[in-house]
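Overview (structure and organization)
Spelled out from the first residue to the last, the chains are:
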Amino acid sequence: MSMETAIKNYNSEYNNIQLTNIESRPEPLKVLMCSPTYFDIIDVKNTHMLGQSGNLNKDLARQQWQDLHDIYLQLKAEGVVEEVMLIDGAEGCEDMVFCANQTFPWIDKRVVISKMRHPSRQKEVPFFEAYFKALGYQAIHLKEATMFEGMGDTIPHPHKKLLYGGFGHRSDPKAYVEISKTLQVPIIRLELPNPNFYHLDTCFVPLSETEVMLCREAFTAEGLAMIESMFSKVFYIPESEAISSFCLNAHVIHNDKNGKKAAILQKGSVHALEALKQCGYPIYETATSEFMKSGGSVFCMKMMVY
Ligand code: ARG
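First things first, this report covers the structure right here in the doc. For clarity, every value in this text was computed on a predicted model and none was experimentally measured.

Lining the immediate environment of the ligand, one finds 15 residues, of which Asn101, Arg121, Asp201, Ser294 and Cys300 sit closest. Between Asp95 and the ligand, the recorded distance is 3.0 Å, taken from a side-chain N or O atom to a nitrogen atom. Here a nitrogen atom of the ligand and a side-chain polar atom of Asn101 are 2.8 Å apart. When the ligand sits alone it has 350 Å² of accessible area, and the protein chains cover 100% of it. Residue classes in the shell around the ligand are distributed as four nonpolar, six polar and five charged.

Moving on to the sheet that holds strand E3 (residues 103-105). Pairing is mixed in the open sheet, where three strands are placed in the order E3-E4-E5. Looking at strand neighbours, the two that pair on one side only are E3 and strand E5 (138-141), the edges of this open sheet. Recorded for the sheet is a direction-independent mean angle of 25° between the axes of neighbouring strands. Pairing geometry for E3 and strand E4 (residues 110-113), over three bridges, is antiparallel. Within E4, the residue paired with Thr103 across the bridge is Ile113. This element, helix H5 (residues 173-183), spans E3, E4 and E5 of the sheet and lies at about 165° to E4.

Counted by the stated rule, this structure contains three cavities of 30 Å³ or more. Empty space within the largest cavity amounts to approximately 260 Å³. If you trace the largest cavity, you find 19 residues lining it, with Glu27, Pro156, Val252, His254 and Phe299 closest to the centre. Contributing elements (two or more residues each) for the lining of the largest cavity: strand E6 (154-156), strand E9 (204-206) and strand E12 (251-254). Among the residues making up the lining of the largest cavity, the classes are represented as 14 nonpolar, two polar and three charged. Computed from the structure, the second largest cavity encloses a volume of approximately 80 Å³.

Thresholds, definitions, all that
- Residues numbered from 1 in each chain as written.
- Predicted model: local features only at pLDDT ≥ 70, side-chain atom pairs only at ≥ 80, totals over all residues.
- Heavy atoms only, no water.
- Near = heavy atom within 4 Å.
- Polar contact = N/O pair within 3.5 Å; in protein donor to acceptor, adjacent residues only side chain to side chain.
- Areas by Shrake-Rupley, 256 points an atom, 1.4 Å probe, with all protein chains shown as cover.
- Nonpolar A, V, L, I, M, F, W, Y, C, P; charged D, E, K, R; others polar.
- Pairing = 2+ DSSP bridges.
- Helix = DSSP H or I, 4+ residues; strand = E, 2+ residues; numbered from the N terminus.
- Axes fitted to C-alpha atoms, helices over the stretch in contact; angles between N-to-C directions.
- Contact = heavy atoms within 4.5 Å.
- 1 Å grid on protein atoms, 1.4 Å probe; cavity = no way out; pocket = protein on both sides within 12 Å on 5 of 7 lines; lining within 4 Å.
- Points joined across faces, edges and corners; volume = space filled by probe spheres on them.

In structure tokens form, the structure reads like this:
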């Protein structure tokens with residue numbers, strides 16, 4: 001199929017996709033965080049940042065980042081994750097702390113390097129490329145795509161070699177055609193028409209192979225139907241809760257080696273909390289208010305590494 005056809009009928013090749021025919025994928029168990037030393041709010045890159053320049057409490061931000069880091073250390077002590085790694089934030093890279101965006105690491109030790117939409121964020125990417133190369137990863141640079149924001153827009157189906165790729169704000173659908181060919185993995189493309197949900201990781205949280213929580217208003221009817229055909233149980237989270245609490249930026253972790261799991265999310269959600277409880281997640285609620293002013297919360301502040 002040509003690139004143009006693949007994009008126009010964006011999921012037509014997946015009409016008959018069956019989870020049972022998709023290879024398994026062990027979940028990554030190493031967590032990478034980026035120190036918040038230079039975190040700031042300078043310009044408006046998404047709707048959540050409107051009116052927030054100059055409104056950041058930097059001491060509180062550092063404390064909240066530390067609290068999240070402590071949760072990951074505790075999860076390491078409990079055997080839920082295997083390692084907690086750190087990359088230093090760089091001066092002049094005010095959004096680098098959102099380390100879900102600059103890359104997309106894959107299980108075969110290849111890492112897709114992002115093409116950030118905003119020039120100020122493009123400066124962050126070489127630091128991550130060097131970091132992954134030092135870990136022994138091979139870097140993949142996209143040729144045709146104009147924008148791609150890594151794990152912010154590319155979310156794996158739990159335990160499967162299948163990806164969901166959000167597009168419309170920060171990633172170009174062409175990226176998924178290229179990545180799919182290069183990594184040899186199907187990618188279901190999901191258009192994000194609602195500016196409040198500018199990355200897929202703000203509105204879509206797969207909870208298990210069969211369960212997902214999401215915000216209906218973040219998707220098109222076609223996208224929603226595609227998701228509903230892949231998961232037998234969908235928890236619909238009200239748009240107001242998803243926007244005000246960033247609960248769909250929760251980080252859910254499943255350790256395939258020992259069956260342990262955990263969910264970390266911003267304090268204050270109701271429906272998302274209930275869905276996580278129903279799915280049997282031990283829950284860690286934490287405060288990320290200063291990062292929410294920049295349009296991000298827990299999921300954005302870490303990268304899972306194989
Ligand atoms: N201020 C950052 C931006 O607009 C926030 C990024 C949040 N990351 C995420 N994965 N949703 O780019």
